[in-house]
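Coordinate analysis (summary)
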Amino acid sequence: ETGVTQSPTHLIKTRGQQVTLRCSSQSGHNTVSWYQQALGQGPQFIFQYYREEENGRGNFPPRFSGLQFPNYSSELNVNALELDDSALYLCASRPGTSGIGGNHEQYFGPGTRLTVT
Amino acid sequence: DQQVKQNSPSLSVQEGRISILNCDYTNSMFDYFLWYKKYPAEGPTFLISISSIKDKNEDGRFTVFLNKSAKHLSLHIVPSQPGDSAVYFCAASGRGNTGKLIFGQGTTLQVKP
């Protein structure tokens, strides 16, 4: 069984640029969530995707957007990068019959470390 | 507003002894709680969970206790091993399970040989 994978591992961008982070869900998982983890903090929920649609969102501005593909892989896009966007970005997947309910346990990838200068 | 709090940033215990990690929450609508362990350069790894209808769940060396009246949960590791040294996060999920996990700030556990 393949776990959650993310790419790239590290990324350095300049303020104002745009970035795309990628995630492949664990086999059999059709629901994916993205989290931002700042240094010394716990992960913060950005949004969740199920069947290629966003169906849950945390307190993040619209410049954070995502996509989920038919094979359940997904992307996180961040536009107009700010210095405070520097963080570890985590993708997590879980099986879910409707995006709501199902297993509470989410399985995380290793993350992408984004540095904005 | 920090809905899930881990008030101890760090904990150090001797190998073989019990490690107790604590977590408090403020939202009574949470109905599921989870513990994750995180090593450097890795994503969080799911450890153990508990539903709000239970007060204890055990899995090998790991036991989670839930005290709903106090809005408090704890993770007990017995016996502690050096390989348990990591950052531990508690997380909570709301009714209906919308996929949103709310995490505490984490507690760094060091188990000394």
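First things first, this report covers the structure right here in the doc. If you're wondering where the values come from, they're calculated on a predicted model, not measured in any experiment.

Cut-offs applied
- Residues numbered from 1 in each chain as written.
- Chains lettered and ligands numbered in written order.
- Predicted model: local features only at pLDDT ≥ 70, side-chain atom pairs only at ≥ 80, totals over all residues.
- Heavy atoms only, no water.
- Helix = DSSP H or I, 4+ residues; strand = E, 2+ residues; numbered from the N terminus.
- Rg over C-alpha atoms; globule rule 2.2 N^0.38 Å.
- Buried < 20%, exposed > 50% of the residue type's maximum accessible area, 1.4 Å probe, protein only.
- Contact = heavy atoms within 4.5 Å.
- Areas by Shrake-Rupley, 256 points an atom, 1.4 Å probe, with all protein chains shown as cover.
- Lys, Arg positive; Asp, Glu negative; His and termini not counted.
- Charge placed at Lys NZ, Arg CZ, Asp CG, Glu CD.
- Core = buried A, V, L, I, M, F, W, Y, C linked by side-chain atoms within 4.5 Å.

Before going further, it helps to spend a moment on the overall build of chain A. Of regular secondary structure, chain A possesses zero helices and 11 strands. Along its sequence from the N terminus, chain A presents helices and strands in the succession β-β-β-β-β-β-β-β-β-β-β. Over its C-alpha atoms chain A spans a radius of gyration of 13 Å, differing by no more than 12% from the 13 Å that the globule rule assigns to 117 residues. Its C-alpha atoms give chain A principal-axis dimensions of roughly 40 × 25 × 25 Å. For chain A, with 117 residues in total, the buried portion stands at 51%. Summarising the internal contacts of chain A: among those between residues at least 6 apart in sequence, 55% fall at separations of at least 24. When the accessible surface of chain A is split by element, carbon and sulfur atoms take 47% of a total near 5500 Å². Considering chain A, the positive charge centre built from 8 side chains and the negative charge centre built from 9 side chains are found 5 Å apart.

Ranked by internal contacts, the top residues of the largest apolar core, which has 24 residues, are V4, F33, W35, L73, L75 and Y88 of chain B. When residues of this core are traced back to their parent elements, those giving at least two are β3 (19-25), β4 (30-38), β5 (45-51), β7 (62-67), β8 (72-77), β9 (86-94) and β11 (107-112) of chain B. When residues in this core are grouped by element, the largest group, four residues, is from β9 of chain B. Residues Y49, V78, A87 and L114 of chain A belong to the second largest nonpolar core, which totals 19 residues.

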